[in-house]
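Descriptive structure summary
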Number of protein chains: 2
Amino acid sequence: MRDIPVVSVVGESGAGKTTFLEKLVRELKVRNIRVGVIKHHVHDIDIDRPGKDTWRLSRAGADAVAISTPGGVGLFLNLDREMDLDELAGMFRDMDIVLTEGYKRGDKPKIEVNRSDHSDRLVSDPAELIAIVSDVRWEVGVPVFGLEDPGGVADFLESRYRIGRK
Amino acid sequence: MRDIPVVSVVGESGAGKTTFLEKLVRELKVRNIRVGVIKHHVHDIDIDRPGKDTWRLSRAGADAVAISTPGGVGLFLNLDREMDLDELAGMFRDMDIVLTEGYKRGDKPKIEVNRSDHSDRLVSDPAELIAIVSDVRWEVGVPVFGLEDPGGVADFLESRYRIGRK
(Lines give C-alpha, C1' and ligand atoms only; values in the text may rest on other atoms or scores of the structure.)
Protein backbone atom coordinates (compact mmCIF):
# COMPACT_ATOMS: atom_id res chain seq x y z
CA MET A 1 0.00 0.00 0.00
CA ARG A 2 1.45 3.34 -0.97
CA ASP A 3 1.72 6.09 1.61
CA ILE A 4 -1.18 8.50 1.57
CA PRO A 5 0.02 12.04 0.79
CA VAL A 6 -0.31 14.35 3.79
CA VAL A 7 -0.39 18.12 3.25
CA SER A 8 -0.53 20.68 6.06
CA VAL A 9 -2.61 23.83 5.61
CA VAL A 10 -0.92 26.40 7.82
CA GLY A 11 -1.13 30.11 8.49
CA GLU A 12 -1.55 32.56 11.29
CA SER A 13 -4.51 32.15 13.59
CA GLY A 14 -7.44 33.92 11.95
CA ALA A 15 -5.97 33.79 8.44
CA GLY A 16 -8.89 31.63 7.29
CA LYS A 17 -7.45 28.12 7.33
CA THR A 18 -10.71 26.39 8.20
CA THR A 19 -12.72 28.42 5.70
CA PHE A 20 -10.26 27.63 2.94
CA LEU A 21 -10.08 23.96 3.93
CA GLU A 22 -13.86 23.73 3.79
CA LYS A 23 -13.84 25.02 0.22
CA LEU A 24 -10.93 22.77 -0.76
CA VAL A 25 -12.60 19.68 0.69
CA ARG A 26 -15.79 20.44 -1.25
CA GLU A 27 -13.77 20.93 -4.42
CA LEU A 28 -11.89 17.65 -3.98
CA LYS A 29 -15.15 15.82 -3.31
CA VAL A 30 -16.62 17.12 -6.58
CA ARG A 31 -13.67 15.38 -8.22
CA ASN A 32 -14.46 12.15 -6.41
CA ILE A 33 -11.25 12.27 -4.36
CA ARG A 34 -11.37 10.73 -0.90
CA VAL A 35 -10.22 13.28 1.66
CA GLY A 36 -9.25 12.93 5.30
CA VAL A 37 -8.67 15.89 7.60
CA ILE A 38 -6.61 16.06 10.77
CA LYS A 39 -7.15 18.84 13.24
CA HIS A 40 -5.42 19.51 16.50
CA HIS A 41 -7.36 20.46 19.62
CA VAL A 42 -5.60 21.91 22.63
CA HIS A 43 -8.24 20.52 24.97
CA ASP A 44 -9.45 16.98 25.34
CA ILE A 45 -12.71 16.19 23.68
CA ASP A 46 -15.55 14.46 25.41
CA ILE A 47 -17.01 11.42 23.83
CA ASP A 48 -20.79 11.65 23.94
CA ARG A 49 -22.57 13.58 26.70
CA PRO A 50 -21.90 13.01 30.41
CA GLY A 51 -23.92 10.08 31.66
CA LYS A 52 -24.60 8.61 28.24
CA ASP A 53 -23.47 5.04 27.52
CA THR A 54 -20.34 5.64 25.48
CA TRP A 55 -19.22 8.36 27.87
CA ARG A 56 -19.66 5.93 30.76
CA LEU A 57 -17.62 3.23 29.02
CA SER A 58 -14.88 5.70 28.15
CA ARG A 59 -14.76 6.95 31.74
CA ALA A 60 -14.65 3.39 33.00
CA GLY A 61 -11.23 3.23 31.36
CA ALA A 62 -11.82 1.66 27.96
CA ASP A 63 -8.69 2.33 25.90
CA ALA A 64 -10.77 2.67 22.77
CA VAL A 65 -14.48 3.15 22.14
CA ALA A 66 -16.08 2.84 18.74
CA ILE A 67 -19.59 4.03 18.00
CA SER A 68 -21.06 2.51 14.90
CA THR A 69 -23.98 4.22 13.19
CA PRO A 70 -25.80 3.72 9.88
CA GLY A 71 -23.77 6.58 8.34
CA GLY A 72 -20.33 5.95 9.70
CA VAL A 73 -18.26 5.30 12.76
CA GLY A 74 -16.62 7.29 15.50
CA LEU A 75 -13.53 5.87 17.19
CA PHE A 76 -12.06 7.39 20.34
CA LEU A 77 -8.64 6.35 21.59
CA ASN A 78 -7.67 7.23 25.13
CA LEU A 79 -3.94 7.82 25.23
CA ASP A 80 -1.64 9.36 27.73
CA ARG A 81 0.21 11.23 25.03
CA GLU A 82 -0.38 13.03 21.78
CA MET A 83 -0.12 11.09 18.51
CA ASP A 84 2.27 12.48 15.92
CA LEU A 85 1.22 13.19 12.36
CA ASP A 86 2.53 9.93 10.92
CA GLU A 87 0.64 7.89 13.47
CA LEU A 88 -2.51 9.91 12.81
CA ALA A 89 -2.12 9.55 9.05
CA GLY A 90 -1.70 5.81 9.56
CA MET A 91 -5.25 5.67 10.93
CA PHE A 92 -6.66 6.75 7.59
CA ARG A 93 -7.27 4.01 5.13
CA ASP A 94 -8.64 4.25 1.61
CA MET A 95 -8.03 7.98 1.46
CA ASP A 96 -6.44 9.64 -1.55
CA ILE A 97 -5.09 12.56 0.44
CA VAL A 98 -5.01 13.76 4.04
CA LEU A 99 -5.06 17.48 4.82
CA THR A 100 -4.08 18.79 8.21
CA GLU A 101 -5.25 22.05 9.68
CA GLY A 102 -2.21 23.60 11.28
CA TYR A 103 0.80 21.51 12.30
CA LYS A 104 3.11 24.23 11.11
CA ARG A 105 5.97 22.67 13.05
CA GLY A 106 5.33 19.29 11.44
CA ASP A 107 7.48 17.98 8.59
CA LYS A 108 4.78 17.63 5.94
CA PRO A 109 4.62 19.70 2.74
CA LYS A 110 2.69 22.88 3.48
CA ILE A 111 0.21 25.22 1.88
CA GLU A 112 0.11 28.56 3.65
CA VAL A 113 -3.07 30.61 3.83
CA ASN A 114 -2.28 34.31 4.06
CA ARG A 115 -4.42 37.45 3.91
CA SER A 116 -2.87 40.89 3.43
CA ASP A 117 -5.31 42.58 5.82
CA HIS A 118 -4.23 40.10 8.44
CA SER A 119 -0.49 39.65 8.06
CA ASP A 120 2.28 40.90 5.78
CA ARG A 121 4.58 37.96 6.36
CA LEU A 122 4.48 34.19 5.96
CA VAL A 123 4.70 31.89 8.98
CA SER A 124 6.40 29.12 6.97
CA ASP A 125 9.91 28.61 5.76
CA PRO A 126 9.46 28.89 1.95
CA ALA A 127 11.52 25.70 1.58
CA GLU A 128 8.67 23.76 3.23
CA LEU A 129 5.92 25.31 1.11
CA ILE A 130 4.43 23.71 -1.97
CA ALA A 131 1.89 26.51 -2.54
CA ILE A 132 0.46 29.70 -1.08
CA VAL A 133 -3.17 30.80 -0.92
CA SER A 134 -3.28 34.57 -0.62
CA ASP A 135 -4.48 37.89 -2.03
CA VAL A 136 -0.80 38.83 -2.38
CA ARG A 137 1.35 37.62 -5.30
CA TRP A 138 4.13 36.19 -3.15
CA GLU A 139 7.27 35.41 -5.11
CA VAL A 140 9.03 32.70 -3.13
CA GLY A 141 9.27 30.03 -5.81
CA VAL A 142 5.94 28.23 -5.31
CA PRO A 143 2.58 28.72 -7.01
CA VAL A 144 0.21 31.27 -5.48
CA PHE A 145 -3.55 30.76 -5.63
CA GLY A 146 -6.29 33.25 -4.80
CA LEU A 147 -8.29 32.92 -1.59
CA GLU A 148 -11.33 32.14 -3.72
CA ASP A 149 -9.56 29.60 -5.93
CA PRO A 150 -9.90 26.24 -4.20
CA GLY A 151 -10.33 24.77 -7.70
CA GLY A 152 -6.82 25.89 -8.62
CA VAL A 153 -5.40 24.28 -5.49
CA ALA A 154 -7.38 21.09 -6.16
CA ASP A 155 -5.94 20.96 -9.71
CA PHE A 156 -2.47 21.47 -8.27
CA LEU A 157 -2.87 18.67 -5.70
CA GLU A 158 -4.43 16.32 -8.23
CA SER A 159 -1.52 16.78 -10.56
CA ARG A 160 1.20 16.75 -7.91
CA TYR A 161 -0.04 13.62 -6.17
CA ARG A 162 -1.79 11.96 -9.15
CA ILE A 163 -4.92 11.49 -7.12
CA GLY A 164 -7.63 12.21 -9.68
CA ARG A 165 -10.17 9.41 -10.13
CA LYS A 166 -11.77 10.45 -13.37
CA MET B 1 -0.50 -9.99 14.26
CA ARG B 2 -2.95 -12.29 15.93
CA ASP B 3 -6.66 -11.52 15.75
CA ILE B 4 -7.95 -9.58 18.72
CA PRO B 5 -10.64 -11.56 20.54
CA VAL B 6 -14.08 -9.97 20.19
CA VAL B 7 -16.83 -10.83 22.70
CA SER B 8 -20.38 -9.52 22.49
CA VAL B 9 -22.23 -8.61 25.67
CA VAL B 10 -25.88 -9.13 24.84
CA GLY B 11 -29.21 -9.17 26.62
CA GLU B 12 -32.64 -7.61 26.51
CA SER B 13 -32.87 -3.86 26.46
CA GLY B 14 -32.78 -2.71 30.08
CA ALA B 15 -31.11 -5.87 31.39
CA GLY B 16 -28.09 -3.83 32.48
CA LYS B 17 -25.57 -4.42 29.69
CA THR B 18 -23.91 -1.01 29.96
CA THR B 19 -23.76 -1.14 33.75
CA PHE B 20 -22.17 -4.56 33.66
CA LEU B 21 -19.77 -3.57 30.86
CA GLU B 22 -18.67 -0.54 32.89
CA LYS B 23 -17.78 -2.81 35.81
CA LEU B 24 -16.09 -5.35 33.57
CA VAL B 25 -13.98 -2.68 31.83
CA ARG B 26 -12.85 -1.33 35.23
CA GLU B 27 -11.99 -4.84 36.34
CA LEU B 28 -9.97 -5.58 33.19
CA LYS B 29 -8.14 -2.26 33.51
CA VAL B 30 -7.08 -3.13 37.08
CA ARG B 31 -5.43 -6.18 35.50
CA ASN B 32 -3.63 -3.98 32.99
CA ILE B 33 -5.54 -5.42 30.06
CA ARG B 34 -6.15 -3.12 27.10
CA VAL B 35 -9.87 -3.01 26.33
CA GLY B 36 -11.76 -1.68 23.35
CA VAL B 37 -15.55 -1.31 23.29
CA ILE B 38 -17.87 -1.20 20.30
CA LYS B 39 -21.33 0.18 20.65
CA HIS B 40 -24.04 0.53 18.08
CA HIS B 41 -26.07 3.72 17.73
CA VAL B 42 -29.27 3.77 15.73
CA HIS B 43 -28.86 7.46 14.96
CA ASP B 44 -25.92 9.22 13.38
CA ILE B 45 -23.63 11.02 15.75
CA ASP B 46 -22.56 14.58 15.26
CA ILE B 47 -18.91 15.35 15.33
CA ASP B 48 -18.31 18.42 17.44
CA ARG B 49 -20.98 21.10 17.81
CA PRO B 50 -22.69 22.76 14.82
CA GLY B 51 -20.56 25.57 13.46
CA LYS B 52 -17.34 24.43 15.11
CA ASP B 53 -14.34 23.68 12.90
CA THR B 54 -14.39 19.91 12.82
CA TRP B 55 -18.16 19.92 12.28
CA ARG B 56 -17.69 22.29 9.33
CA LEU B 57 -15.00 20.07 7.78
CA SER B 58 -17.12 16.97 8.23
CA ARG B 59 -20.13 18.69 6.66
CA ALA B 60 -17.96 19.90 3.78
CA GLY B 61 -17.73 16.23 2.85
CA ALA B 62 -14.45 15.04 4.37
CA ASP B 63 -14.55 11.23 4.32
CA ALA B 64 -12.64 11.11 7.58
CA VAL B 65 -11.88 13.67 10.25
CA ALA B 66 -9.40 13.10 13.07
CA ILE B 67 -9.20 15.32 16.12
CA SER B 68 -5.94 14.98 17.95
CA THR B 69 -5.74 16.09 21.58
CA PRO B 70 -3.14 15.78 24.34
CA GLY B 71 -5.07 12.82 25.80
CA GLY B 72 -6.07 10.92 22.73
CA VAL B 73 -7.66 11.06 19.35
CA GLY B 74 -11.14 10.98 17.87
CA LEU B 75 -11.59 9.66 14.36
CA PHE B 76 -14.86 10.00 12.46
CA LEU B 77 -15.45 8.12 9.24
CA ASN B 78 -18.31 9.20 7.02
CA LEU B 79 -19.65 6.14 5.27
CA ASP B 80 -22.77 5.47 3.32
CA ARG B 81 -23.24 2.17 5.05
CA GLU B 82 -22.78 0.49 8.38
CA MET B 83 -19.49 -1.25 9.16
CA ASP B 84 -19.74 -4.86 10.23
CA LEU B 85 -18.14 -6.17 13.42
CA ASP B 86 -15.02 -7.52 11.75
CA GLU B 87 -14.33 -4.20 10.06
CA LEU B 88 -14.90 -2.38 13.33
CA ALA B 89 -12.63 -4.76 15.23
CA GLY B 90 -9.98 -4.19 12.56
CA MET B 91 -9.84 -0.54 13.58
CA PHE B 92 -8.57 -1.47 17.03
CA ARG B 93 -4.88 -1.92 17.35
CA ASP B 94 -2.86 -2.84 20.39
CA MET B 95 -5.95 -4.04 22.25
CA ASP B 96 -6.01 -7.29 24.20
CA ILE B 97 -9.76 -7.72 23.87
CA VAL B 98 -12.70 -5.94 22.27
CA LEU B 99 -16.12 -6.07 23.91
CA THR B 100 -19.24 -5.14 22.03
CA GLU B 101 -22.42 -3.89 23.60
CA GLY B 102 -25.21 -5.65 21.80
CA TYR B 103 -24.75 -7.17 18.36
CA LYS B 104 -26.82 -10.14 19.37
CA ARG B 105 -27.24 -11.10 15.71
CA GLY B 106 -23.48 -10.95 15.15
CA ASP B 107 -21.35 -14.11 14.99
CA LYS B 108 -19.04 -13.37 17.93
CA PRO B 109 -18.93 -15.41 21.15
CA LYS B 110 -21.49 -13.95 23.54
CA ILE B 111 -21.97 -13.22 27.20
CA GLU B 112 -25.63 -12.68 28.07
CA VAL B 113 -26.68 -10.34 30.84
CA ASN B 114 -29.97 -11.43 32.35
CA ARG B 115 -31.96 -10.29 35.39
CA SER B 116 -34.83 -12.35 36.75
CA ASP B 117 -36.94 -9.31 37.56
CA HIS B 118 -36.59 -8.28 33.96
CA SER B 119 -36.85 -11.44 31.89
CA ASP B 120 -37.23 -15.17 32.48
CA ARG B 121 -35.71 -16.19 29.19
CA LEU B 122 -32.40 -15.77 27.38
CA VAL B 123 -32.23 -13.88 24.11
CA SER B 124 -29.27 -15.92 22.87
CA ASP B 125 -28.99 -19.37 21.40
CA PRO B 126 -27.04 -21.22 24.15
CA ALA B 127 -24.71 -22.60 21.45
CA GLU B 128 -23.40 -19.05 20.91
CA LEU B 129 -22.89 -18.29 24.60
CA ILE B 130 -19.60 -18.58 26.42
CA ALA B 131 -20.99 -17.30 29.73
CA ILE B 132 -24.05 -15.83 31.42
CA VAL B 133 -24.24 -13.00 33.94
CA SER B 134 -27.42 -13.34 35.93
CA ASP B 135 -29.07 -13.71 39.33
CA VAL B 136 -30.47 -17.03 38.06
CA ARG B 137 -28.39 -20.24 37.98
CA TRP B 138 -29.03 -21.01 34.33
CA GLU B 139 -28.02 -24.53 33.37
CA VAL B 140 -27.28 -24.39 29.68
CA GLY B 141 -23.71 -25.68 29.69
CA VAL B 142 -21.79 -22.43 30.19
CA PRO B 143 -20.50 -20.76 33.37
CA VAL B 144 -22.89 -18.38 35.15
CA PHE B 145 -21.56 -15.35 37.04
CA GLY B 146 -23.43 -13.07 39.41
CA LEU B 147 -24.46 -9.57 38.36
CA GLU B 148 -21.98 -8.21 40.89
CA ASP B 149 -19.14 -10.48 39.86
CA PRO B 150 -17.25 -8.68 37.09
CA GLY B 151 -14.06 -10.12 38.63
CA GLY B 152 -15.24 -13.64 37.91
CA VAL B 153 -15.95 -12.75 34.30
CA ALA B 154 -12.57 -11.01 34.01
CA ASP B 155 -10.85 -14.18 35.33
CA PHE B 156 -12.81 -16.22 32.82
CA LEU B 157 -11.86 -13.98 29.88
CA GLU B 158 -8.23 -13.80 30.98
CA SER B 159 -7.99 -17.54 31.08
CA ARG B 160 -10.01 -18.23 27.93
CA TYR B 161 -8.12 -15.72 25.78
CA ARG B 162 -4.78 -15.74 27.63
CA ILE B 163 -4.81 -11.97 27.83
CA GLY B 164 -3.41 -11.39 31.28
CA ARG B 165 -0.36 -9.13 31.45
CA LYS B 166 0.87 -9.88 34.90
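Here's what I pulled together on the structure shown here. (Residues numbered from 1 in each chain as written. Chains lettered and ligands numbered in written order. Predicted model: local features only at pLDDT ≥ 70, side-chain atom pairs only at ≥ 80, totals over all residues. Heavy atoms only, no water.)

Some words on the packing of helix α1 (residues 17-30) of chain A against helix α4 (residues 150-161) of chain A
Residues and elements named next belong to chain A.
- Viewed as axis vectors pointing N to C, α1 and α4 meet at an angle of 60°, and their least axial separation amounts to 9 Å. Overall, the two elements α1 and α4 adopt an arrangement that is oblique. Along this stretch, α1 crosses α4, giving a crossing that reads as right-handed. Here F20, K23, L24, E27 and L28 of α1 come into contact with α4, specifically with P150, G151, V153, A154 and L157. (Axes fitted to C-alpha atoms, helices over the stretch in contact; angles between N-to-C directions. Helix = DSSP H or I, 4+ residues; strand = E, 2+ residues; numbered from the N terminus. Parallel < 35°, antiparallel > 145°, perpendicular 65-115°, else oblique. Left-handed = near helix turned anticlockwise from the far one by under 90°. Contact = heavy atoms within 4.5 Å.)

Some details on the environment of V30 of chain A
All names here are of chain A.
- Topologically, V30 is positioned in helix α1.
- Classification of V30 by relative accessible area gives exposed; the value is 69%.
- Measuring from C-alpha to C-alpha, the distance between V30 and D63 comes to 37 Å, with 33 residues separating the pair along the chain. (Buried < 20%, exposed > 50% of the residue type's maximum accessible area, 1.4 Å probe, protein only.)

Thoughts on the pattern of salt bridges
- Considering all chains together, one arrives at 30 salt bridges over all chains under this definition.
- Across the pair E158 of chain A and R31 of chain A runs a salt bridge whose closest N-O atoms are separated by 2.7 Å. With E158 of chain A in helix α4 and R31 of chain A in the loop between α1 and β2 (35-40), this residue pair connects regions lying 127 residues apart in the sequence.
- A residue is classified by how much of its surface remains accessible, and R31 of chain A, at 13% relative accessible area, is buried.
- Of the charged contacts, one joins R34 of chain A and D63 of chain B as a salt bridge, the two residues approaching to 3.5 Å between their closest N and O atoms. With R34 of chain A in the loop between α1 and β2 and D63 of chain B in the loop between α2 (53-59) and β3 (64-69), this residue pair bridges two chains.
- Take R34 of chain A: its relative accessible area is 23%, and that puts it in the partly exposed class.
- Residue D63 of chain B is classed as buried on the basis of its relative accessible area, which comes to 8%.
- Taken together, the shared-partner salt bridges connect E27, R31, D155 and E158 of chain A into one network. (Salt bridge = Lys/Arg side-chain N within 4 Å of Asp/Glu carboxyl O.)

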